[in-house]
Amino acid sequence: FDRVIALDVTETRIKYDILPSDYKRQCQRENARVNLDSILRSANNDIGEGDRLAAANNIAQAESIYKRANDNLNEVINSDPQGEAIGTDNLKKVTDLQQQVFNKFLAVHLKSLRSDIRKSVGNAQTLLAGNDLIALLKSMFNLNHIQTSLNKLGPSADQINMNERNQLAPLIQQIQKKLNDNYAN
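Residues numbered from 1 in each chain as written. Predicted model: local features only at pLDDT ≥ 70, side-chain atom pairs only at ≥ 80, totals over all residues. Heavy atoms only, no water.

Take the overall build of the protein next. Along the backbone of the protein there are 7 helices and 0 strands. The 185 residues of the protein split such that 36% are buried. In the protein, once contacts between residues fewer than 6 apart in sequence are set aside, the share between residues at least 24 apart is 61%. (Helix = DSSP H or I, 4+ residues; strand = E, 2+ residues; numbered from the N terminus. Buried < 20%, exposed > 50% of the residue type's maximum accessible area, 1.4 Å probe, protein only. Contact = heavy atoms within 4.5 Å.)

The structure is reproduced here in structure tokens:
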């Protein structure tokens, strides 16, 4: 179904009696109904593994594990939003667990993002003083990527404070100016 949906993203080019996305949702719903215990056990195992990795300061790996658990739980919620197949009590369990894992994911994601900001800003400032324009260009791309990640989080200052956010745009402009001034080189 994923391949069919990818070929006909809007699901309007081909006439369907039942849309591929509906079939996919039905399959996910049936999978959740039949395998709910293993889905919950897997999510709890992922949370435990993510906690262990986060405590060991393996932030990127912890983030990946939490994201996997969050995605799997979201799939259950999205496939049966009223709890008709798995029951409302089980839906509440899944929803509570999903909220817990999402909060853990967000915490390690923010920690990772703050670390990336510090490293990238320091690296960019060092490169601005030098003459390696290729490395400076790569640094600017990295800063733009971080800026995009911050924009996805939204403007909330309580997640990443404004001092951290506000240092990126002027630094990117300085890099752009230096690259523009040295275009011939």
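Picking up where we left off.
This part covers helix α2 (residues 20–55). What sets the pattern is the α-helix's 3.6 residues per turn: residues three or four places apart point alike. In this model α2 runs just 42 Å from its N-terminal to its C-terminal C-alpha over 36 residues, more than 12% under the 52 Å that 1.5 Å per residue would give. Approximately 85 degrees is the largest bend angle found in α2, and it occurs at N35. Regarding α2, the residues found buried are P20, S21, Q28, A32, L36, I39, L40, A43, D46, I47, G50 and L53. On its buried face, α2 is in contact with α1 (2–7), α3 (59–79) and α4 (88–129). (Expected span 1.5 Å × (residues − 1). Bend = angle between axes of the 7 residues up to and from the residue.)

Of note in the backbone geometry, E11 takes a positive phi value of approximately 55 degrees without being a glycine. Looking at the element boundaries, E11 is found in the loop between α1 and α2. E11 gets classed as buried once you look at its relative accessible area, which sits at 13%. Its identity as a non-glycine residue notwithstanding, N57 has a phi of 65 degrees, on the positive side.

With respect to the element layout, D80 can be found in the loop between α3 and α4. According to the relative accessible area criterion, D80 is buried, its value standing at 1%. Polar side-chain contacts of D80 include one of 2.8 Å to the backbone nitrogen of A85. Filtering out sequence-adjacent residues up to four positions away, D80 remains in contact with R29, A85, I86 and L91. (Polar contact = N/O pair within 3.5 Å; in protein donor to acceptor, adjacent residues only side chain to side chain.)

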